[in-house]
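# Inside the fold
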Amino acid sequence: MNSQGRILMFFTIFLSLIIFQSLSPAKAQITLDPSPSPAPDLYYPDASDNPSPLCKTICDKTSNPSFCMKTLMSDKRTSQAKDVLSLAKIALDLGSKDSTRTRDQINSLIRGAKEPFKAALKECVNQYSSTAGCFRSALAEVEQGDYKTANYDVSVITDNTGLCMTAMAKAKARIASVSKAIQDTECFSNIGVVVTEILDK
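Report on the accompanying structure. Model, not experiment: these values are computed from the prediction. (Residues numbered from 1 in each chain as written. Predicted model: local features only at pLDDT ≥ 70, side-chain atom pairs only at ≥ 80, totals over all residues. Heavy atoms only, no water.)

It is worth spelling out the overall build of the protein at this point. Looking only at helices and strands, the protein features 8 helices and 0 strands. Start at the N end of the protein and walk to the C end: the helices and strands fall as α-α-α-α-α-α-α-α. Each of the 201 residues in the protein was classed as buried or not, and the buried ones make up 41%. Looking at the protein alone, contacts between residues at least 24 apart form 72% of all its contacts between residues at least 6 apart. A total of about 11,700 Å² of accessible surface is found on the protein, and carbon and sulfur atoms cover 56% of it. (Helix = DSSP H or I, 4+ residues; strand = E, 2+ residues; numbered from the N terminus. Buried < 20%, exposed > 50% of the residue type's maximum accessible area, 1.4 Å probe, protein only. Contact = heavy atoms within 4.5 Å. Areas by Shrake-Rupley, 256 points an atom, 1.4 Å probe, with all protein chains shown as cover.)

Looking now at the packing of helix H6 (residues 147-155) against helix H8 (residues 176-200). Close contact between H6 and H8 brings their axes to 8 Å; oriented N to C, the two are set at 165 degrees. As judged from the angle between their axes, H6 and H8 are roughly antiparallel. As for how H6 packs across H8, the hand of that crossing is left-handed. In contact with Tyr147, Lys148, Ala150, Asn151, Val154 and Ser155 of H6, H8 contributes Ser189, Gly192, Val193, Thr196, Glu197, Leu199 and Asp200. Of the residues contributing to the contact of H6 with H8, the split by class is 5 nonpolar, 5 polar and 3 charged. (Axes fitted to C-alpha atoms, helices over the stretch in contact; angles between N-to-C directions. Parallel < 35°, antiparallel > 145°, perpendicular 65-115°, else oblique. Left-handed = near helix turned anticlockwise from the far one by under 90°. Nonpolar A, V, L, I, M, F, W, Y, C, P; charged D, E, K, R; others polar.)

Another point: the state of the cysteines. Structurally, a disulfide amounts to a covalent bond that connects the sulfur atoms of two cysteines. With the rule as written, the count across this model stands at 2 disulfides. In this model cysteine 59 forms its disulfide with cysteine 68; the gap between the sulfur atoms is 2.1 Å. The sign of the -70 degrees torsion about the S-S bond sets the cysteine 59-cysteine 68 disulfide as left-handed. When the cysteines engaged in disulfides are numbered in sequence order, the protein pairs them as 1-2, 3-4. In this structure cysteine 55 is not part of a disulfide, and its nearest cysteine sulfur, from cysteine 59, lies 3.8 Å away. The structure places no disulfide on cysteine 187, whose sulfur is separated from the nearest cysteine sulfur, that of cysteine 68, by 9.0 Å. (Disulfide = S-S within 2.5 Å.)

The next thing to look at is the side chain of serine 99. Note on placement: serine 99 falls in helix H4 (residues 84-110). Among the polar contacts made by the side chain of serine 99, one reaches the main-chain carbonyl oxygen of glycine 95 at a distance of 2.9 Å. Polar contacts involving the side chain of serine 99 include one to the main-chain carbonyl oxygen of serine 96, which spans 3.0 Å. Once you skip the residues sitting within four places of it in the chain, serine 99 turns out to touch Tyr128, Thr131, Ala132 and Phe135. (Polar contact = N/O pair within 3.5 Å; in protein donor to acceptor, adjacent residues only side chain to side chain.)

With that settled, the discussion passes to unusual backbone geometry. With omega at 5 degrees, the peptide bond leading from glutamate 115 into proline 116 counts as cis. Structurally, the position occupied by proline 116 is in the loop between H4 and helix H5 (117-143). Its identity as a non-glycine residue notwithstanding, lysine 172 has a phi of 55 degrees, on the positive side. When you line up the elements, lysine 172 lands in the loop between helix H7 (157-170) and H8. For lysine 172, a relative accessible area of 58% gives the class exposed.

Shown next as structure tokens:
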């Protein structure tokens, strides 16, 4: 092969590489779990070997007793809880902290998202800001003895998570970590409903 032929061959290879790179797919939209750094997990080693009788009595009334037991028994304050009021304060505090972490986690996904995913994530951030506020309000109301209002505040949390799920569904955004967080939030809400109903009797 003469020198002109070799130059033509190298030029053809170089041009092919440039065309291939230009046709590479752009960064994908967020339709699957982007695996963000998860919020700190509330679940610590299984506490079922030494469950609190009070905690078990409360958790048996919830929609997910296993979640309730693992979550409440993971907090060292639970072993010192002597009554439903003490346990209610712990549960509402954990719910507030968990929803705040979830809000921050979802907010971290917005920067790399494109529409319509970005709008859905923003809606979820707004709803989780409201959710954290509901838990905080309920905690303050329980401390003041206003159990009926506290019960209302935790019961409407599922409205917030429902709006978040609707926004995600409309955008066809499937993010496993967000779906799991919503399930956990609804479990926290249910625990709050149970303890405030007991206190209000």
